[in-house]
Amino acid sequence: MNILLISYLIVSFACLICVFIGYRLLHPHNKLFITLCYLFFIVFFFGRVYEVSRIVLGLNIYNTFELGFLGIVGAFSFLLSSNFSIRGETKIKASKKVFITSLLFSIIIGLMYILILYGKVNLQEKITDFIMILYASSNIYYFMRHLLLIKDDKTGLLKSLKIYNILGIGFSILIDLLLLSFAYNLYDNILVISIFMGADLLMMMLTFKKGVEECKLMN
């Protein structure tokens, strides 16, 4: 069993556990951001399972177009929609300082893309990696925004989701590091990143579920 297969099985298994743990998040009467967050885990899980199947069949998952890329973008899309919905739920107008701090942090992390360009990356992969890092940075902006606005939130939602938002930043950075490791064929790094990603995903699910339960938003 090669190191890449082990890495993706770890993440896939962690995602599967998240899907089972959070099944109640899909209740039709739950807030929209709760459902969207759960769909993030589902889509990310299916994307990883697809890539596992490609690895088993001996097919490439980097420097080639494959549907696993759409799984990451789709998952990030649901996560971004959930973050945007949380913003609407709290109804807090961010100050200029909060906006600039969140934006700068997301841009700084996104600059990791420049390092990817110097790796063994073809044109197609440069485009898909840029899209994935753009989505990751967009989510980092909202995660950071939520953290900076905890004291201004009268609903208590952002405080309850504090650890979840920190873990969300961690997940987004791990995706960037995964792409960077692929660009330089650092497969040992991919295994370590996958272990951290699996643990991060599990903690994201647990802290998110606990947070919405504390706010009595679960049905």
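Residues numbered from 1 in each chain as written. Predicted model: local features only at pLDDT ≥ 70, side-chain atom pairs only at ≥ 80, totals over all residues. Heavy atoms only, no water.

## As for the packing of aromatic side chains
Phase 1: Under the counting rule described, the total for this entry stands at 17 aromatic pairs.
Phase 2: Summarising the aromatic geometry, the rings of Tyr8 and Phe182 are spaced 6.5 Å apart at their centres and angled 55° between planes, so their arrangement reads as tilted. Of this pair, Tyr8 sits in helix α1 (residues 3-21) while Phe182 is found in helix α8 (residues 162-183), placing the two residues 174 residues apart along the sequence.
Phase 3: We classify Tyr8 as buried; its relative accessible area is 6%.
Phase 4: Taken together, a centroid distance of 6.0 Å and an interplanar angle of 85° make the contact between Phe33 and Phe208 edge-to-face. Linking Phe33 in helix α2 (residues 32-56) with Phe208 in helix α9 (residues 187-214), this pair joins segments that are 175 residues apart in sequence.
Phase 5: Classification of Phe208 by relative accessible area gives buried; the value is 0%.
Phase 6: An aromatic cluster is built from Phe40, Phe41, Phe44, Phe76 and Phe171, whose rings are joined through pairwise contacts.
Phase 7: Directly above the aromatic system of Phe44 lies the positively charged group of Arg48, at a separation of 4.5 Å from the ring centroid. (Phe/Tyr/Trp six-rings, centres within 6.5 Å; stacked < 30°, edge-to-face > 60°. Helix = DSSP H or I, 4+ residues; strand = E, 2+ residues; numbered from the N terminus. Buried < 20%, exposed > 50% of the residue type's maximum accessible area, 1.4 Å probe, protein only. Lys NZ or Arg CZ within 6 Å of the ring centre and 35° of its normal.)

## A few points about the packing of helix α3 (residues 67-90) against helix α6 (residues 123-148)
Phase 1: Packing of α3 against α6 brings their axes to within 10 Å, and their N-to-C directions diverge by 20°. As summarised for this structure, α3 and α6 are arranged roughly parallel, according to the angle between their axes. In this structure, α3 crosses over α6, and the sense of that crossing is left-handed. On α6, the residues that touch Phe69, Ile72, Val73, Phe76, Ser77, Leu79, Leu80, Asn83, Phe84, Ile86 and Arg87 of α3 are Thr128, Ile131, Met132, Tyr135, Ala136, Ser138, Asn139, Tyr142, Phe143, Arg145 and His146.
Phase 2: Partitioned by chemical class, the residues of the contact of α3 with α6 number 14 nonpolar, 6 polar and 2 charged. (Axes fitted to C-alpha atoms, helices over the stretch in contact; angles between N-to-C directions. Parallel < 35°, antiparallel > 145°, perpendicular 65-115°, else oblique. Left-handed = near helix turned anticlockwise from the far one by under 90°. Contact = heavy atoms within 4.5 Å. Nonpolar A, V, L, I, M, F, W, Y, C, P; charged D, E, K, R; others polar.)

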